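Close look at the chain arrangement
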Amino acid sequence: MGVILNSIDIASICSLLIILSIPDVMKEHHKFFPTLIGCLAICFFFYKTRSIIVSTLSGAIVFGIIFKVFMN
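All of these numbers come straight from a predicted model, not from anything done at the bench. (Residues numbered from 1 in each chain as written. Predicted model: local features only at pLDDT ≥ 70, side-chain atom pairs only at ≥ 80, totals over all residues. Heavy atoms only, no water.)

**Concerning the overall build of the chain**
The following threshold applies: Secondary structure elements follow DSSP: runs of H or I of four or more residues count as helices, runs of E of two or more count as strands, with numbering from the N terminus. Only protein chains enter the accessibility calculation, which uses a 1.4 Å probe; a residue whose area is less than 20% of its type maximum is buried, one above 50% is exposed, and one in between is partly exposed.
Assigned secondary structure in the chain consists of three helices and zero strands. Going from N to C terminus, the chain has its helices and strands arranged as α-α-α. By the burial criterion, 22% of the 72 residues in the chain qualify as buried.

As structure tokens, then:
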């Protein structure tokens, strides 16, 4: 039962990220790459740590760094 609940956690975080980022990405296409990398970072860090908090914070940091580097 714990595996199912952990899967729901990461699925809800990733789906929330995707749903909230679709309007931004549709308006400003240059935000697609940082958003994609941020979402992949969330999945990767959750797979490694099994912590929603660590994976969400890591994904936000990765998104911010990629956005800052590529959007100059």
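**Points about the nonpolar core**
Selection criterion: Residues belong to one nonpolar core when they are buried, are Ala, Val, Leu, Ile, Met, Phe, Trp, Tyr or Cys, and are joined through side-chain atoms within 4.5 Å. Note on contacts: a residue pair is in contact if any heavy atoms of the two residues lie within 4.5 Å.
Judged by nonpolar contacts, Ile10, Cys14, Cys39, Ile42 and Phe46 together constitute the single largest core of five residues. Breaking this core down by element, the ones donating at least two residues are α1 (2-27) and α2 (32-49). For this core, the leading source of residues is α2, giving three residues. Not counting the four nearest positions on each side in its chain, isoleucine 10 is found in contact with Ile42, Phe46 and Ile52.

**A few points about the UniProt feature "transmembrane region" (unreviewed entry) in the chain**
Heads up, the condition is: UniProt positions are given in the numbering used here, feature names are shortened, and annotations may be inferred rather than shown by experiment.
UniProt records the feature "transmembrane region" (unreviewed entry) for residues 6-25, 32-47 and 53-71 in the present numbering. The span residues 32-47 is 100% helix and 0% strand, and its two end C-alpha atoms sit 23 Å from each other. As a span, residues 53-71 carries 95% helix and 0% strand, and end to end its C-alpha atoms are 27 Å apart.

**Overview of unusual backbone geometry**
Its identity is not glycine, yet arginine 50 carries a phi of approximately 60°, on the positive side. Position of arginine 50 relative to the elements: it lies in the loop between α2 and α3 (52-70). Arginine 50 gets classed as exposed once you look at its relative accessible area, which sits at 51%.

**Some thoughts on the packing of α2 against α3**
Definition in use: In this analysis, axes come from line fits to C-alpha atoms, helices being fitted only over the stretch in contact, and the angle between any two N-to-C directions falls in the range 0 to 180 degrees. An angle below 35 degrees is read as roughly parallel, one above 145 as roughly antiparallel, one from 65 to 115 as roughly perpendicular, and any other as oblique. Crossings are classed by handedness, with left-handed meaning an anticlockwise turn of the near helix from the far one by less than a right angle and right-handed meaning a clockwise turn. Asp, Glu, Lys and Arg are counted as charged, while Ala, Val, Leu, Ile, Met, Phe, Trp, Tyr, Cys and Pro are counted as nonpolar; the rest, among them Gly, fall into the polar class.
It is the contact of α2 with α3, at a shortest axis distance of 8 Å, that shows an interaxial angle of 150°. It follows that α2 is roughly antiparallel to α3 by the angle criterion. The crossing of α2 and α3 is right-handed. Contact residues: α2 offers Phe33, Pro34, Thr35, Ile37, Gly38, Ala41, Ile42, Phe45, Phe46 and Thr49, while α3 offers Ile52, Val54, Ser55, Thr56, Ser58, Gly59, Val62, Phe63, Ile66, Phe67 and Phe70. A breakdown of the residues in the contact of α2 with α3 according to their chemical character gives 14 nonpolar, seven polar and no charged.

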